Amino acid sequence: MSTTAPTAQAVTPDTLHAARLPRWTSPLVAIGSAAAAVGIGLAAGLHSRVQWGLIAAVLFVIASYVLATAVEGRRQAKDRFATSMIWVTFLLAVIPLASLIWETVERGSKVFSPYFLSHSMGVVADQDPGGGINHAIIGTLQQVALASLIAVPIGLLTAIYLVEYGRGKLAKAVTFFVDVMTGIPSIVAGLFVLSFWILILGFDFSGWAGAMALSILMMPVVVRSTEEMLKLVPNELREASLALGVPKWRTILKVVLPTAIGGITTGVMLAVARIAGETAPVLLLVWVNPFINTNPFDGAQGSLPLYIYQQYAAGSEASYDRAWAAALALIGFIMILNLVARGIARWKAPKTGR
């Protein structure tokens, strides 16, 4: 009687993988959810596209989870559910931003031109067509530059103290007040400078007064960003420099700061972008000037945020167009600052390759 050994079952790639939905499932479910949302919205009398979008998002998440449960199992369905929620929240964050940029470009491009950038309002009334933002651009650039000259050195030195030297009660007090300053509303900074510089000391409205208020808002951002960048510098670099007999101040100057300069520059640019759109301190301290004033220490100046507010408050079609065009210029200015910051950060980043 002969016996035969059981043969091993052939193993194929198909037996090693569970059933999975095709790659085109998610786009197809998204299209179906959008179509179903439009149908539900029309049937229910909902005419807002925002409502249709929210209904489509809910249907997309539910349909993705149900299909994944039926085909791939509950474990993979949970992963699909988390992925769907991430995509939905991402779109909820991006769509308003994209809508804002599109609306600004569409409405601001009506009068946005070299003439608009190179001329001031001068004798042009806010209700009349014409005029430009040259005076506001000059004022914004000068005020932001003066605020940076005040806030960047103080913020940088404060961060160096907190990371390299800060010990004890003084460092804790400085950290506490930096945290407090981070949450100060811009109107409070403007009122502080107004009461001290203008009402008590008797100085006039000027771009310098606005720059002082803007520096108060900028300083904690510079301190916090610089502090975090300095903490990322490896201690081994400091120890190697100190072991060679290099003084601590020179170690900070020649080793620590060059290593973190990319992140520090990014933080400074973000702080500049944060103050470039402030309106309340400018309204209180810089005041309004439709003419070009290139001296920030004497008299009122223009400013892009204040110009936008003033033109929108005028209430005419021409002023609305100028307000949107000025908003487009301000967005472009901040975008350029962020691109410059990213470029400097990438240029100054430590080289990791061999």
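What counts and what doesn't
Residues numbered from 1 in each chain as written. Predicted model: local features only at pLDDT ≥ 70, side-chain atom pairs only at ≥ 80, totals over all residues. Heavy atoms only, no water. Salt bridge = Lys/Arg side-chain N within 4 Å of Asp/Glu carboxyl O. Helix = DSSP H or I, 4+ residues; strand = E, 2+ residues; numbered from the N terminus. Buried < 20%, exposed > 50% of the residue type's maximum accessible area, 1.4 Å probe, protein only. Contact = heavy atoms within 4.5 Å. Axes fitted to C-alpha atoms, helices over the stretch in contact; angles between N-to-C directions. Parallel < 35°, antiparallel > 145°, perpendicular 65-115°, else oblique. Left-handed = near helix turned anticlockwise from the far one by under 90°. Nonpolar A, V, L, I, M, F, W, Y, C, P; charged D, E, K, R; others polar. Domains from an automatic or database assignment. Buried area = accessible area lost by both parts, 1.4 Å probe.

**Some thoughts on the pattern of salt bridges**
In total, this model carries seven salt bridges according to the counting rule given. Residue Arg-238 pairs with Glu-164 through a salt bridge whose shortest N-O separation is 2.9 Å. Separated by 74 residues along the polypeptide, Arg-238 in helix H10 (residues 235-243) and Glu-164 in helix H6 (residues 134-165) bring together distant segments of the chain. Glu-164 matches Arg-238 in its accessibility class, with the two residues each being buried.

**A look at the side chain of Thr-251**
As for its placement among the helices and strands, Thr-251 is situated in helix H11 (residues 248-276). For Thr-251, the residues in contact, after removing those within four places along its chain, are Arg-238, Ser-241, Leu-242, Val-246 and Val-256.

**Structural notes on the packing of helix H7 (residues 168-182) against helix H9 (residues 207-231)**
Where H7 contacts H9, the two axes come as close as 8 Å, and the packing angle between them is 125 degrees. Taken together, the axis directions place H7 and H9 in an arrangement best described as oblique. When you trace H7 past H9, the crossing you get is left-handed. In this structure, H7 uses Thr-175, Val-178, Asp-179, Met-181 and Thr-182 to contact H9, whose residues at the interface are Ile-216, Met-219, Pro-220, Val-223 and Arg-224. Of the residues assigned to the contact of H7 with H9, the class counts are six nonpolar, two polar and two charged.

**Observations concerning the domain arrangement of the protein**
Per the domain assignment, the segments of the protein are domain 1 (17-108) and domain 2 (134-348). Spacing between the C-alpha centres of domain 1 and domain 2 amounts to 40 Å. With five residues of domain 1 at the contact, the number on the domain 2 side is six residues. Of the roughly 610 Å² buried where domain 1 meets domain 2, counting both sides, 74% is carbon and sulfur surface. Looking only at domain 1, the three residues that lose the most surface to domain 2 are Thr-104, Arg-107 and Gly-108, adding up to 74% of its buried area.

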